[in-house]
Amino acid sequence: MELTTLAATITALGVVFGAIFAVYKWFLKQEKQDKDIKAIKEEQTVLTQGILACLQGLHEQGCNGPVTAAIERIETHLNKQAHK
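Structure report, in brief. (Residues numbered from 1 in each chain as written. Predicted model: local features only at pLDDT ≥ 70, side-chain atom pairs only at ≥ 80, totals over all residues. Heavy atoms only, no water.)

### Regarding helix α2 (residues 66-82)
What sets the pattern is the α-helix's 3.6 residues per turn: residues three or four places apart point alike.
Here comes step 1: Between its first and last C-alpha, α2 extends 24 Å over 17 residues, near the 24 Å set by a 1.5 Å rise per residue.
Here comes step 2: Within α2, burial applies to Val67, Ile71 and Ile74. Axial view of α2: buried residues confined to an arc of 70 degrees, hence all on one face. For α2, the exposed residues lying more than 90 degrees away from the buried face are Pro66, Arg73 and Lys80.
Here comes step 3: In this structure, the buried side of α2 is in contact with α1 (2-60). (Helix = DSSP H or I, 4+ residues; strand = E, 2+ residues; numbered from the N terminus. Expected span 1.5 Å × (residues − 1). Buried < 20%, exposed > 50% of the residue type's maximum accessible area, 1.4 Å probe, protein only. Arc of directions from axis to C-beta. Contact = heavy atoms within 4.5 Å.)

### Things to note about α1
Here comes step 1: Taking 1.5 Å as the rise per residue, α1 with 59 residues should run 87 Å; its terminal C-alpha atoms sit 87 Å apart, in good agreement.
Here comes step 2: Among the residues trailing α1, glycine 62 stands out with phi positive, at a value near 105 degrees.

### A word on the packing of α1 against α2
Here comes step 1: The N-to-C vectors of α1 and α2 enclose an angle of 145 degrees; their axes lie 9 Å apart at closest approach. Where α1 crosses over α2, the two elements pack in a sense that is left-handed. Here Thr48, Ile51, Leu52, Leu55, Gln56, Leu58 and His59 of α1 lie close against α2, whose contacting residues are Val67, Thr68, Ala70, Ile71, Ile74, Glu75 and Leu78.
Here comes step 2: Looking at side-chain class alone, the contact of α1 with α2 contains nine nonpolar, four polar and one charged residues. (Axes fitted to C-alpha atoms, helices over the stretch in contact; angles between N-to-C directions. Left-handed = near helix turned anticlockwise from the far one by under 90°. Nonpolar A, V, L, I, M, F, W, Y, C, P; charged D, E, K, R; others polar.)

Given below as structure tokens:
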């Protein structure tokens, strides 16, 4: 009888530690995803600023129409993001 109790206790401890380890791994994964998302957002900001600079250069050279509209859309988007 004692052997079955010991086996059940060991099994129960294994299940508990397995669950704790799974939750810990999930938290680590979430932290990595948060870091990845932050890096992607920073990269997108740099790319957007570069595109805006190119469009403003074209606008200064006399390109209008879609260039002006794109500049306005990007600036509007950046302003909305800054106020969130």
